[in-house]
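Chain and residue survey
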Amino acid sequence: MQDKKYFTRMGDGSIVHMTEAEIREDMKAGMEDAVMRGKIDPLTDEEFEHLYSIITMPGTIVGVEPGMQIVTTSDSGSDKINTKCGIPVDRAVNAMLHERILGCDSVDIGFSDYNYKTVKGVAKREATVLKHALNRTTMPLFYGAMPNLGFYTKPDGPVDNWAVLLPEGKIKESLAAQEEAVEHAVRDIVYVAEQMNDVGADGINLDTSGAAGDADFLVSLKATEAIKERFPDLNVEIGMAGEFVLGMHGKLKYDDTRLAGLYPHKQVKLAEKAGASIFGPVVNTNCNMTFPWNMARVCTFIKACTAVAEIPVHANTGMGVCGVPMCENLPGDIVSRVDKALVEICKIDGL
Amino acid sequence: MGGVRTAGDLVLRMQLSHKMKIDEAKKFVAEKLNVTLEELCDVVTMSEVREELGLGLAHVEPCAEANIGMEAKFKIAELLGIKINSVERFKERAGMK
């Protein structure tokens, strides 16, 4: 008799059927990969079994017990209906749709070109949109964008392109260019934050932090520090771009900690130090591996992060992160299993 | 949690303003509203509680109790004992402070 096979998916979302032994083998390998890379503890036997039960649980959609629900924040949330669905809706109206139809706990207003360098030029106009939304909605509203340090390089930006300088062996010039870009980006973010604070934003979302490496993450930390110093009632959420900080510079430090190579359980401590209210960790989804492999790896990393965090942790669960498949239209069977595992095993504070 | 359908917006406000973890934030809000944690996440219970207290709803009715937007945020700030930026700006610009 053939072993029973369970419906699950690959990291790219495609359907795959696996036996219990295959699932357990992949879970173990995923967990061990996280332990090795992050130098963190594995899941306990109880947690491992709980995750196995979530992965193989009958039903297309799974959920948590009543009362165990958690809250949500977003990135470019109020613009998704426009940019991802092609439905032209004013962003202030979009915020109301998220509040009264989608039941979101918060949403962020963001420009379609979702980065602070672009927003700087239209910051006051963006603040007007946020003000309209704030007058009509009850839930907290953020203004969000990415630090996106790569946008500060020539020919579009003011500094030399370190990705060009590095292969040319111009190491010193490359490091100097990144350091200069940090100062430009922090200044732009704080300027935008000032306009948003002026209309009463509940928070600033520094989304996809670290996308251009350690200098990019440093921007978020320094900008958070500056925002909290100038506008103490304006709260900051730092969301990450990837599971570890790429060492494009390699020597940058914050609070005497070298940023390159940090995993979520170390990143969150720096976010706390900078003054962030919420930290959004990422674990990359590997498209070539199965959901059991990815999710065991995710749970190992995120559990280590929440275990040390003193601020709320909102795990990023969009396309291609934290076990969610890398595909445009997300399957509810996997997304609901990701959410349940993150709540029940990793003890996250939000999504 | 469901935002204004339940009390998700209130819990998130405590995470933002006081950096409360989820359990602490839910407990704090539940105590303020005199409901259980189960009720705090329940759309039926919370619709009634929110209407009674004027905390904003997911549905809009043209009656005095069905606050939404700024007027609801005035009441939320008072209930939770927190400062809400947009409420503060409104007061400043309306000459209320």
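Residues numbered from 1 in each chain as written. Chains lettered and ligands numbered in written order. Predicted model: local features only at pLDDT ≥ 70, side-chain atom pairs only at ≥ 80, totals over all residues.

The next thing to look at is the overall build of chain B. Per the secondary structure count, chain B includes 6 helices and 0 strands. Listing every helix and strand of chain B by position from the N terminus yields α-α-α-α-α-α. Principal-axis analysis of the C-alpha atoms places the extent of chain B at approximately 40 × 35 × 20 Å. In chain B, which comprises 97 residues, the share counted as buried stands at 43%. Considering only contacts within chain B whose residues lie at least 6 apart along the sequence, 29% involve residues at least 24 apart. (Helix = DSSP H or I, 4+ residues; strand = E, 2+ residues; numbered from the N terminus. Buried ≥ 20, exposed ≤ 12 C-beta atoms within 10 Å, placed from the backbone. Contact = placed C-beta atoms within 7 Å.)

Before going further, it helps to spend a moment on the overall build of chain A. Within chain A, the regular secondary structure consists of 12 helices and 9 strands. What you see for chain A is a C-alpha radius of gyration of 21 Å, in line with the 20 Å of a compact globule of 351 residues. If you line up chain A on its principal axes, its C-alpha atoms span 65 × 55 × 35 Å. Out of the 351 residues belonging to chain A, those deemed buried represent 55%. In chain A, 75% of the contacts between residues at least 6 apart in sequence involve partners at least 24 apart. (Rg over C-alpha atoms; globule rule 2.2 N^0.38 Å.)

Here we take up the sheet that holds strand 4 (residues 141–145) of chain A. Residues and elements named next belong to chain A. The strand order 3-4-5-6-9 describes an open sheet built from 5 strands, whose pairing is parallel. Either end of the sheet is taken by a strand with one partner, and the two such strands are strand 3 (107–109) and strand 9 (278–280). On average, each strand axis in the sheet is tilted by 30° relative to the strand beside it, whichever way the strands run. Pairing between strand 4 and strand 5 (residues 203–209): 4 bridges, direction parallel. When the bridges of strand 5 are listed, Tyr143 appears paired with Ile204. (Pairing = 2+ DSSP bridges. Axes fitted to C-alpha atoms, helices over the stretch in contact; angles between N-to-C directions.)

The next thing to look at is the nonpolar core. Residue and element names in this part refer to chain A. Membership of the largest hydrophobic core comes to 130 residues, with the highest contact counts inside it found for Leu130, Leu141, Ile204, Cys299 and Ile302. Residues from two domains meet in this core; each of domain 1 (1–69 + 283–307 + 319–351) and domain 2 (75–280) gives at least three. Not counting residues within four places of it along the chain, the set of residues in contact with Leu141 comprises Ala95, Ser106, Val107, Asp108, Ile109, Leu130, Ala133, Leu134, Ala201 and Asp202. (Core = buried A, V, L, I, M, F, W, Y, C linked by C-beta atoms within 7 Å. Domains from an automatic or database assignment.)

Residues and elements named next belong to chain A. The geometry of helix 1 (residues 20–38) relative to helix 2 (residues 45–56) is characterised by a closest axis approach of 11 Å and an angle of 130° between their N-to-C directions. Judged by the inter-axis angle, helix 1 sits oblique to helix 2. Between helix 1 and helix 2 the crossing geometry is right-handed. Taking contact as the criterion, the partners of Ile23, Arg24 and Met27 in helix 1 are, on helix 2, Phe48, Leu51, Tyr52, Ile55 and Thr56. The class makeup of the residues in the contact of helix 1 with helix 2 is 6 nonpolar, 1 polar and 1 charged. (Parallel < 35°, antiparallel > 145°, perpendicular 65-115°, else oblique. Left-handed = near helix turned anticlockwise from the far one by under 90°. Nonpolar A, V, L, I, M, F, W, Y, C, P; charged D, E, K, R; others polar.)

In this section: the interface of chain B and chain A. Contacts between the two partners involve 31 residues from chain B, matched on the other side by 33 residues from chain A. Elements supplying a minimum of two residues to the side of chain B that touches chain A: helix 1 (8–18), helix 3 (37–40), helix 5 (70–80) and helix 6 (85–93) of chain B. In terms of residue count, helix 1 of chain B provides more of the side of chain B that touches chain A than any other element does, 8 residues in total.

Residue and element names in this part refer to chain A. According to the domain assignment, chain A consists of domain 1 (1–69 + 283–307 + 319–351) and domain 2 (75–280). The centre of domain 1, based on its C-alpha atoms, is set 28 Å off from the matching centre of domain 2. The partner domain 2 presents 6 residues to the 8 residues of domain 1 that form the contact. Here the side of domain 1 that touches domain 2 takes 4 residues from helix 11 (residues 291–308), the largest share from any one element.

Let's shift gears to the environment of Ala94 of chain B. Along the chain, the position of Ala94 of chain B falls in the segment after helix 6. Among the residues examined, Ala94 of chain B registers 8 C-beta atoms within 10 Å and is labelled exposed.

On to the packing of helix 5 of chain B against helix 6 of chain B. Residue and element names in this part refer to chain B. Remark: helix 5 packs on helix 6, axes separated minimally by 9 Å, with the N-to-C direction vectors making an angle of 110°. Regarding the angle of helix 5 to helix 6, the classification is roughly perpendicular. Crossing of helix 5 over helix 6 shows left-handed handedness. Contacts from Met70, Lys73, Phe74 and Ala77 of helix 5 reach helix 6 at Ser86, Val87 and Phe90. Residue composition of the contact of helix 5 with helix 6, grouped by class: 5 nonpolar, 1 polar and 1 charged.

All names here are of chain A. Two elements, strand 1 (residues 5–9) and strand 2 (residues 15–19), share 5 bridges in a ladder whose sense is antiparallel. Opposite Lys5, over in strand 2, you have Thr19 as the bridge partner. In sequence, strand 1 turns back onto strand 2 through a hairpin of 5 residues, with Gly13 there showing a positive phi of about 95°.

Across the 7 residues of strand 5 of chain A, 7 count as buried, placing the element largely inside the fold. Tracing the backbone out of strand 5 of chain A, into helix 9 (residues 214–230) of chain A and back to the parallel element strand 6 (residues 235–240) of chain A gives a crossover that is right-handed. (Right-handed = clockwise from strand over helix to strand, strands pointing away.)

In this chain, Lys154 of chain A is followed by Pro155 of chain A through a cis amide linkage whose omega measures 10°. Turning to its location among the elements, Pro155 of chain A is positioned in the loop between strand 4 and helix 7 (162–165). Backbone geometry at Asp256 of chain A places phi at a positive 65°, although glycine is not the residue there. Accessibility expressed as a C-beta count within 10 Å gives 5 for Asp256 of chain A, which makes it exposed. You will see that Lys19 of chain B, though not glycine, has its phi angle at about 55°, which is positive. If you trace the backbone, Lys19 of chain B turns up in the loop between helix 1 and helix 2 (22–33). Since 19 C-beta atoms lie within 10 Å of it, Lys19 of chain B is described here as partly exposed.

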